[in-house]
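# Examining the three-dimensional arrangement
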Amino acid sequence: MSDKDNFFKRVLEVAQLVPYGKVTTYGNIAAYLGSKGSARMVGWAMNQSHHSKTPVPAHRVVNRNGMLTGKHHFGSPNLMQELLENEGFIIEHNQIVNFKENLWDPEKMSSE
DNA sequence: GGTGTGACCAGCT
DNA sequence: AAGCTGGCCACAC
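Residues numbered from 1 in each chain as written. Chains lettered and ligands numbered in written order. Predicted model: local features only at pLDDT ≥ 70, side-chain atom pairs only at ≥ 80, totals over all residues. Heavy atoms only, no water.

## Some points on the protein's contact with DNA strand B
Near DNA strand B there are 16 residues, and of these Arg40, Trp44, Met46, Arg64 and Thr69 occur at the shortest range. Between DNA strand B and the protein, one listed contact pairs a base nitrogen with a backbone N or O atom of Asn47 at 3.3 Å. For the surface near DNA strand B, the element with the highest residue contribution is helix H3 (residues 39-49), accounting for 8 residues. Each residue belonging to the surface near DNA strand B can be placed in one class, and the counts come to 7 nonpolar, 7 polar and 2 charged. (Near = heavy atom within 4 Å. Polar contact = N/O pair within 3.5 Å; in protein donor to acceptor, adjacent residues only side chain to side chain. Helix = DSSP H or I, 4+ residues; strand = E, 2+ residues; numbered from the N terminus. Nonpolar A, V, L, I, M, F, W, Y, C, P; charged D, E, K, R; others polar.)

Next comes the structure, spelled out in structure tokens:
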């Protein structure tokens, strides 16, 4: 395995672990990886997630406010919202209304 | 090899 | 109260 992919790939893996109808935050993923302050890196990995061979549900990853900050990176700015709404989410002003209700934490799995 | 930036977060002014 | 800067780690030029 490539050692350089440790963080980058780890973020993608966690993102792929997010179940249907659930969302997680950059900070949670970063904290789960042990680097709470590297939330930016999580977003960066998401940017490269398009480059990743594996399909990454980046639309299930939002910021701490539940806002679709990265919707602009999905190819279509409304694509992210459509995907979330398709999973039963309620988006208002680019923000997930029931975000907190469907918030999923990687640490909560504790299946490591 | 140094500088800048990036889909963020939290603290300080 | 709101705005801004710093900090974190990795990648591109």
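On we go from here.
## Concerning the pattern of salt bridges
For the structure shown, the criterion picks out 1 salt bridge. Its salt-bridge partner being Glu87, residue Arg60 comes within 3.0 Å of it at the nearest N-O pair. With Arg60 in the loop between H3 and strand E2 (61-62) and Glu87 in the loop between helix H4 (79-86) and strand E3 (91-92), the pair connects residues that are 27 residues apart, well separated along the chain. Classification of Glu87 as buried rests on a relative accessible area of 13%. (Salt bridge = Lys/Arg side-chain N within 4 Å of Asp/Glu carboxyl O. Buried < 20%, exposed > 50% of the residue type's maximum accessible area, 1.4 Å probe, protein only.)

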